[in-house]
Amino acid sequence: MPNKSLITAEELYTRLKNIKVGASVCQYSLKKCAELVPVINEIQRLKKEKDAVILVHSYVSPEIVYGVADFVGDSYKLSRDAMATKAKTLVFVAVRFMGETAKILNPDKEVLVPATDPGCTLADSITAEDVRRLRTEFPEHTFVCYVNTSVDVKAECDVCVTSANVYQIVEQLKSNKVYFLPDKFMGENLMNEMKKRKVAKEILFWKGTCYVHEEYDAAAIFKVRSEYPDVKIVSHPECNAEVVRNSDFVGGTEQMLDYMRKAKASHFLMLTECGLSARLQSEFPDKNLVGSCTLCKYMKSNTLEGILQTLKAPTSLQRVHIEEPVRLRALKSLDAMFEYTKHIPVKKSAVCE
Ligand code: 13P
Ligand code: SF4
């Protein structure tokens with residue numbers, strides 16, 4: 001549901017004042033909010049004029065999440081939101097593979113990606129050519145791709161998954177031979193989780209990593225646990241297996257927020273990108289964050305000015321274009337994902353309810 005009204009500096013400050021993560025990048029005074037408001041309100045005006053909606057991943061800067069987002073969430077929820085909206089233009093404030101996913105699902109809509117550096121170390125770790133070679137090497141395996149892949153890679157795979165549904169989908173697969181790509185840590189976590197659930201599957205995986213999540217190690221968890229005995233450790237499945245084993249909850253970014261919304265504990269260590277910690281501080285100010293977080297330079301290459309420029313006059317690089325034959329093949333892997341998850345309800349956008 002689009003934000004309808006213009007915002008004041010005081011209203012913006014109310015949403016941003018409790019955010020303390022990411023040093024000066026994500027800290028706000030009333031004066032800073034007053035400087036941001038004219039750009040925000042120009043974006044709101046242009047959005048209506050151009051029949052556009054703005055979809056925002058939780059990792060981008062808080063002034064974007066709380067200033068201009070119509071939809072905010074994780075990659076799974078945003079892909080559902082992109083399908084549900086009737087707007088003509090989707091401005092995908094995240095990284096390229098997420099904009100591509102929206103375009104695969106909405107070929108008749110204009111999809112724009114304002115990030116100046118829209119990469120992702122996972123999506124960039126594997127090519128369609130790599131997958132074609134792997135398929136000849138492992139012809140009996142079902143190829144499962146994480147959503148953090150390019151459209152060309154999705155087109156070579158059987159089913160797509162996100163961090164929110166990877167375990168449920170792989171558990172349901174008929175084949176007992178699975179090739180998971182591109183995240184080696186998520187692949188290991190998937191293997192361990194299937195063993196825990198007593199699901200017999202041979203799981204092979206590619207060697208990609210997320211440069212943000214591979215930074216975390218279990219030593220940080222042990223240190224925090226010794227200082228805060230009631231702390232809950234909440235991690236993303238892109239973290240390594242030891243981190244995951246020592247966590248109280250593991251899930252996609254929206255599931256992590258949900259867990260913390262319901263948890264009784266007062267201290268949390270979040271092992272994921274700083275944007276999610278910022279959402280926690282803004283939306284649950286009575287819960288305390290301990291430890292530090294890491295920034296994703298790709299997600300953080302989105303700015304309010306970049307969104308404004310994209311709405312005014314997108315460059316050809318910012319417009320997502322996908323050749324139809326590739327789109328149709330990639331669509332099959334996304335359709336397979338939606339088929340496996342059709343019984344799971346999708347939550348409404350927290351920012352826009
Ligand atoms: P989510 O789908 O959990 O939001 O994760 C996307 C991502 O890029 C994590 O690094
Ligand atoms: Fe990619 Fe990691 Fe950034 Fe997510 S946090 S977009 S996986 S580089």
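A brief structural summary.

How each quantity is defined
Once a new chain begins, its residue numbering starts again from 1 and follows that chain's sequence as written. Going through the entries in the order they are written, you letter the chains from A and number the ligands from 1. Given that the model is predicted, a residue must reach a pLDDT of at least 70 before its local features are reported, and side-chain atom pairs must reach 80 or more before they are shown or counted; all residues, however, enter totals for whole chains, interfaces and linings. Heavy atoms throughout the structure, all of them, feed into the side-chain values; hydrogens and water do not. The set of buried Ala, Val, Leu, Ile, Met, Phe, Trp, Tyr and Cys residues whose side-chain atoms join them within 4.5 Å is what this entry labels a nonpolar core. To sort residues, take the accessible area from a 1.4 Å probe on protein chains only and compare it with the maximum for the residue type: under 20% means buried, over 50% means exposed, and anything in between is partly exposed. Labels follow the DSSP assignment, with helices taken as runs of H or I lasting at least four residues and strands as runs of E lasting at least two, numbered in each case from the N terminus. Only heavy atoms enter the contact rule, under which two residues are in contact if any of them lie within 4.5 Å. When at least one non-hydrogen atom of a residue lies within 4 Å of a molecule or strand, that residue is treated as near it. Counting of polar contacts relies on pairs of N or O atoms within 3.5 Å, with two restrictions inside protein: one atom must be capable of donating a hydrogen and the other of accepting it, and residues adjacent in sequence are counted only when both atoms are side-chain atoms. Reported accessibility uses the Shrake-Rupley method at a 1.4 Å probe radius. Residues are deemed covered only where the shown protein chains occlude them. In the scheme used here, Gly and all other residues not listed as nonpolar or charged are polar, with Ala, Val, Leu, Ile, Met, Phe, Trp, Tyr, Cys and Pro taken as nonpolar and Asp, Glu, Lys and Arg as charged. Here, any two strands with at least 2 DSSP bridges between them count as paired. Geometry of aromatic contacts follows a simple scheme: Phe, Tyr and Trp rings, the Trp one being its six-membered ring, pair when their centres are within 6.5 Å, and the pair is stacked under 30 degrees between planes, edge-to-face over 60, tilted otherwise. Throughout, disulfides are identified as pairs of cysteine sulfur atoms within 2.5 Å of each other.

### Examining the nonpolar core
Nonpolar side chains in soluble globular proteins tend to end up buried together.
Then, number 1: Residues I43, V56, F180, L181 and I307 are the most contacted members of the largest nonpolar core, which totals 100 residues.
Then, number 2: For this core, the element with the highest residue contribution is helix α2 (residues 30–49), accounting for seven residues.
Then, number 3: Residues contacting V56, with those up to four places away along its chain left out, are I64, V65, A69, F71, V72, G73, L78 and V93.

### Things to note about the site of ligand 1
Then, number 1: In the neighbourhood of ligand 1, 13 residues make up the surrounding shell, with H57, S75, S163, E238 and T253 lying closest.
Then, number 2: In the model, an oxygen atom of ligand 1 is placed 3.1 Å from a nitrogen or oxygen of the N148 side chain.
Then, number 3: A distance of 2.6 Å separates an oxygen atom of ligand 1 from a polar side-chain atom of S163.
Then, number 4: Within the complex, 96% of the 300 Å² of free accessible area of ligand 1 lies under protein.

### Some remarks on the site of ligand 2
Then, number 1: Around ligand 2 sit Y59, C120, T121, L122, N148, C210, Y211, V212, E238, C296, Y298 and M299, and those are all the residues in its vicinity.
Then, number 2: Looking at side-chain class alone, the shell around ligand 2 contains nine nonpolar, two polar and one charged residues.

### As for the side chain of N189
Then, number 1: Here N189 lies in helix α9 (residues 184–196).
Then, number 2: Relative accessible area serves as the criterion here: at 3%, N189 is assigned to the buried category.
Then, number 3: When residues no more than four places from it in sequence are discounted, the contact partners of N189 are Y167, P237, C239, N240, A241 and V244.

### Here we look at the pairing of strand β11 (residues 267–271)
Then, number 1: Along β11, five of the five residues are buried, which leaves the element largely enclosed by surrounding structure.
Then, number 2: Side-chain alternation along β11 places H267, L269 and L271 on one buried face and F268 and M270 on a second face that is also buried.
Then, number 3: Strand direction decides the pairing type here: strand β9 (residues 232–235) and β11, joined by four bridges, are parallel. Residue V234 lies in a different strand from β11, and its bridge partner there is M270.
Then, number 4: In the sheet, β11 pairs with strand β12 (residues 288–289) via two bridges, with the strands oriented parallel. When the sheet's bridge partners are listed, H267 is paired in β12 with N288.

### So, the packing of aromatic side chains
How two aromatic rings sit relative to each other is given by the distance of their centres and the angle of their planes.
Then, number 1: Applying the stated rule across the entire model yields five aromatic pairs.
Then, number 2: Between Y211 and Y298 the ring centres are 5.8 Å apart and the planes differ by 80 degrees, which places this aromatic pair in the edge-to-face class. Taken together, the residues Y211 in the loop between β8 (202–205) and α10 (218–227) and Y298 in the loop between β12 and α14 (304–312) connect sequence positions 87 residues apart.
Then, number 3: With 4.7 Å between their ring centres and 10 degrees between their planes, F249 and Y259 make a pair best called stacked. In this pair, F249 sits in strand β10 (residues 249–250) while Y259 sits in helix α12 (residues 253–262), placing the two residues ten residues apart along the sequence.

### Overview of the state of the cysteines
Then, number 1: Applying the stated criterion across every chain, the model contains one disulfide.
Then, number 2: The residue that forms a disulfide with C274 is C293, at a sulfur-sulfur distance of 2.2 Å. Taking the sign of the torsion about the S-S bond as the criterion, the disulfide between C274 and C293, at about 105 degrees, is right-handed. Placement of the pair is C274 in helix α13 (residues 274–283) and C293 in the loop between β12 and α14, with a sequence separation of 19 residues.
Then, number 3: Under the relative-accessibility criterion, C274 is labelled buried at 2%.
Then, number 4: Unpaired in terms of disulfides, C145 finds its nearest cysteine sulfur in C157, a separation of 4.0 Å.

Keep in mind that these numbers describe shape and distance, not what the molecule does.
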